Amino acid sequence: MKKTFDCVEMKRQIQEQMWIEAGETFEGLIKLLDEKTKTNKLWLELKERKRKVKNNSIN
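Since the model is a prediction, treat every value here as computed from it, not as a measurement. (Residues numbered from 1 in each chain as written. Predicted model: local features only at pLDDT ≥ 70, side-chain atom pairs only at ≥ 80, totals over all residues. Heavy atoms only, no water.)

**Some thoughts on the overall build of the chain**
- For the chain, the count of helices and strands is three helices and zero strands.
- Mapped from its N terminus to its C terminus, the chain presents α and β elements in the order α-α-α.
- In terms of overall dimensions, the chain is more spread out than a globule: its C-alpha atoms have a radius of gyration of 18 Å, far above the 10 Å expected for 59 residues.
- Taking the principal axes of the C-alpha coordinates as reference, the chain spans close to 55 × 40 × 15 Å.
- For the chain, with 59 residues in total, the buried portion stands at 5%.
- Within the structure as shown, the chain displays about 5,900 Å² of accessible surface, and the carbon and sulfur contribution to it stands at 58%.
- Each charge class in the chain was averaged separately, 14 positive and 10 negative side chains, and the resulting centres sit 9 Å apart. (Helix = DSSP H or I, 4+ residues; strand = E, 2+ residues; numbered from the N terminus. Rg over C-alpha atoms; globule rule 2.2 N^0.38 Å. Buried < 20%, exposed > 50% of the residue type's maximum accessible area, 1.4 Å probe, protein only. Areas by Shrake-Rupley, 256 points an atom, 1.4 Å probe, with all protein chains shown as cover. Lys, Arg positive; Asp, Glu negative; His and termini not counted. Charge placed at Lys NZ, Arg CZ, Asp CG, Glu CD.)

This is how it looks when you write it as structure tokens:
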């Protein structure tokens, strides 16, 4: 079977791109990840779901 997709290579490429986008510093990477978290639809949905569960358990 011939391999047509390498998920490890894709992961490395994404990490490299994020590192460059972050200005190649740990501080920049933390800032970039914080910014991405604020606009990530899945993360926002999970936070909203958690908030609703918390509010329902209080009532």
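After that view of the structure, there is still more to cover.
**Some details on the confidence of the model for the chain**
- Per-residue pLDDT for the chain has a mean of 92; in total, 98% of the residues score no lower than 70.
- Mean pLDDT values over the elements of the chain span from 90, in helix 3 (residues 41-58), up to 96, in helix 1 (residues 7-21). (pLDDT = per-residue confidence, 0-100.)

**Considering the environment of cysteine 7**
- Turning to its location among the elements, cysteine 7 is positioned in helix 1.
- Classification of cysteine 7 by relative accessible area gives partly exposed; the value is 48%.
- Taking C-alpha positions, cysteine 7 is 28 Å from lysine 47, a pair spaced 40 residues apart along the chain.

**Brief notes about unusual backbone geometry**
- In this structure, glutamate 24 is a non-glycine residue whose phi angle is positive, near 60°.
- With a relative accessible area of 48%, glutamate 24 lands in the partly exposed category.

**Some details on the packing of helix 2 (residues 26-39) against helix 3**
- Across the interface, helix 2 lies against helix 3 with an axial gap of 5 Å and an inter-helix angle of 65°. On the basis of their axis angle, the class for helix 2 and helix 3 is roughly perpendicular. Listed contacts from helix 3 to Thr37, Lys38 and Thr39 of helix 2 are Lys41, Trp43 and Leu44.
- Tallied by class, residues from the contact of helix 2 with helix 3 come to two nonpolar, two polar and two charged. (Axes fitted to C-alpha atoms, helices over the stretch in contact; angles between N-to-C directions. Parallel < 35°, antiparallel > 145°, perpendicular 65-115°, else oblique. Contact = heavy atoms within 4.5 Å. Nonpolar A, V, L, I, M, F, W, Y, C, P; charged D, E, K, R; others polar.)

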